[in-house]
Each structure stands twice: as structure tokens, then as C-alpha cells.
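# Secondary and tertiary structure notes
Below, each chain spelled out in residue letters.
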Amino acid sequence: MSGVRATARIVARADGRGGTSLPVLEGEGPLAVRRTRGSGSEARVMLVGAMSGPLGGDRFGVEAEVAEGARLRVGSAAATIALPGQAKGEARYDVRLQVADGGELQWLPEQLISAGGSDLRVTTRVEVGADARLVLREEQVLGRVGEEPGRLSSRLAVRVGGRLVLDQELGCGPGAPGGWDGPAVLDGNRAVGQLVVVRPEFAVLPVKARVLGEGAALVPLAGPAVLVSAVAEDALRLRRVLDEALSGLG
């Protein structure tokens, strides 16, 4: 039995009047997209899951493109929960983001929860212009309350001005490479996240690497970008750490 195939697409363009238009805003099946009230020149979009998933065998994709002069903020209405399904094989969730020079994207979905028995591979690829701006947040929670996690593989690759500045992969749960729950990786924590911030001014005034408290650190990347990596006991603590890190960047 094959799983569900669905893709959501978002295109944001400057409307010529100081705002941002959304000429493409479409979703399929379980992936619905809704425009919400914006702020100033910024358009806002919410991803809404119309059904449970991704389940085993599902193939979900989200594509977002931000053109020059456009500003877009994307969130989600609720956490995404990876669940076991009747179809065999892993589920996939692929995200493709493009931000042109002079564009700005805030990619701020809710957490991804890896439920017991699930098998999900998440791949996020981002292309950002050298003069573009980006805030990208990823948060993963391993298992629901009182539950062992499923298997989760997550890869994040970011290019800025055509240059690869980040390509990292993490595997957790049953069948993942050994040591993922050890002191060098999660150290018994069940929430892991990262924050990537790209700003042209970082090329002129680089941000220094620093520890942000227990389980969190900020590292400058090549070019005008920084990475915040964090682990925490639960989703609430993880969000607090990432929010404080973003606030500290001004």
C-alpha cells in the first residue's frame, strides 16, 4: 500500500505598493496553506495539517519562494506528528526554500514530534541570496509524553550567495547510528533544535561564537550567517532557548 503524496507551494513577490503579494498559495490533500493578517510590508502564511501525518510511506513537500523586495513569514497551526502507518517504508517530508537578494523569509513552524513506531526522514534545503535575510527555526521532539521515539532522520543544508555554509544531519531513535542519545549528542534530552539567521550586516560585523547556557551554543557560519544549536528536556524549554537567542541577536 502506497502512502499519500502532497505538496504545498508559496510564492511571495513585492506588490509595487510597499507590500507583499502571494501569487501562488496552494496546497494538496493534508497540506493546506492559509494567508493570515500581515504586518506592514510582511505577508503571513499558516500551514494547516488537514489530517494526521506524515504516516509511513507518505511523501510530503513544501516549497516557498521569496522574490526581491518581498517579506514573508510562515508558521504552522499546530505541531506536526510523525506516526506509524499501514504502508511500509519511511515517510518523507521535504522542504525547499528560496530567498532572492533583497527578500526576507521567517520560517517558523511548530515542532515536529516523532511518535513511537514512526519512521520519518526530513530534508530542508535553503538557497539565500547574499543580500537576503532569513530566520529559520527547526525543532524536533522525540516521542510524546511517556513514549519512546520513532526513528527520525533530519538533514538541513543552507547556501548563501551560492556558497554552502551549513550541511548537517542528525539521526535519532531505533536503528539510528549508535551514540545519538549519549553525552556527545542529546545527552538524554528529548528536544533538539536549531536556528539559522542570515543577515547582510553579519558580513560587516561578525557575531562571535558563544555558549548560550547549558545545552545551547551560537556559532558563526561562513558568510553573513549564524547557527544556534540547542537541546533541552522538552519542547517548552527548547523554544525558550531559541527565542532568547534570536532576541539576543537584535
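Above this text is the structure in question.
Read on for an overview of the structure.

Thresholds applied
- Residues numbered from 1 in each chain as written.
- Predicted model: local features only at pLDDT ≥ 70, side-chain atom pairs only at ≥ 80, totals over all residues.
- Heavy atoms only, no water.
- Helix = DSSP H or I, 4+ residues; strand = E, 2+ residues; numbered from the N terminus.
- Buried < 20%, exposed > 50% of the residue type's maximum accessible area, 1.4 Å probe, protein only.
- Phe/Tyr/Trp six-rings, centres within 6.5 Å; stacked < 30°, edge-to-face > 60°.
- Pairing = 2+ DSSP bridges.
- Axes fitted to C-alpha atoms, helices over the stretch in contact; angles between N-to-C directions.
- Salt bridge = Lys/Arg side-chain N within 4 Å of Asp/Glu carboxyl O.
- Polar contact = N/O pair within 3.5 Å; in protein donor to acceptor, adjacent residues only side chain to side chain.
- Contact = heavy atoms within 4.5 Å.

Tracing the backbone through its elements, the reader meets Glu68 in the loop between strand 5 (59-66) and strand 6 (71-76). By relative accessible area, Glu68 is classed as exposed at 61%. Through-space distance from the C-alpha of Glu68 to that of Arg239 is 30 Å; in sequence the pair is 171 residues apart.

Right, let's get into the packing of aromatic side chains. Within this structure, the stated rule accounts for one aromatic pair. With a centroid separation of 6.0 Å and 75 degrees between ring planes, the pair formed by Phe60 and Tyr93 is classed as edge-to-face. Of this pair, Phe60 sits in strand 5 while Tyr93 sits in strand 8 (residues 91-99); the two residues are 33 residues apart in sequence, bridging distant segments of the chain.

Attention shifts here to the sheet that holds strand 5. Strand order in this open sheet of seven strands is 2-1-5-8-11-13-14, and the pairing throughout is mixed. In this open sheet, the two strands that pair with only one neighbour each are strand 2 (20-26) and strand 14 (163-172). In this sheet, neighbouring strand axes are inclined to one another by 5 degrees on average, regardless of whether the strands run parallel or antiparallel. Pairing between strand 1 (residues 5-14) and strand 2: five bridges, direction antiparallel.

Quick look at the pattern of salt bridges now. In the structure shown here, the tally under the stated rule is 20 salt bridges. In this structure, Arg92 and Asp94 form a salt bridge, with 3.5 Å as the shortest nitrogen-oxygen distance. Residue classification places Arg92 among the partly exposed residues on the basis of a relative accessible area of 24%. For Arg237, the salt bridge goes to Asp234, with nearest N and O atoms at 2.3 Å. Since its relative accessible area comes to 39%, Arg237 is described here as partly exposed. When salt bridges that share partners are traced, they join Glu90, Arg92, Asp94, Arg121 and Glu169 into one network.

Before going further, it helps to examine the pairing of strand 4 (residues 42-49). As judged from the seven bridges shared by strand 3 (residues 31-39) and strand 4, these two strands associate in the antiparallel manner. The residue of strand 4 that forms the bridge with Thr36 is Arg44. Hairpin connection of strand 3 to strand 4: two residues between the antiparallel strands, including Gly40 at a positive phi of 60 degrees. With six bridges connecting them, strand 4 and strand 6 associate as parallel partners. Bridge assignment links Val45 to a residue of strand 6, and that residue is Val74.

Following the sequence through the fold, Ser118 ends up in the loop between strand 10 (112-114) and strand 11 (119-128). Within polar-contact distance, the side chain of Ser118 engages the backbone oxygen of Ala82 at 3.4 Å. Engagement of the side chain of Ser118 in a polar contact is seen with the backbone oxygen of Ala115, the distance being 2.6 Å. When neighbours within four sequence positions are excluded, Ser118 is seen to be in contact with Ala82, Leu83, Pro84, Gly150 and Arg151.

Of all eight residues making up strand 15 (residues 191-198), eight are buried, and the element is well covered by its neighbours. Here strand 15 shows no split at all, with Ala191, Gly193, Leu195 and Val197 on one side and Val192, Gln194, Val196 and Val198 on the other all buried. Relative to strand 15, strand 12 (residues 133-142) is paired through eight bridges, and the arrangement is antiparallel. Directly across from Gln140, in strand 15, lies its bridge partner Val192. Bridge analysis of strand 15 against strand 18 (residues 225-232) gives eight bridges, and the strand direction is antiparallel.

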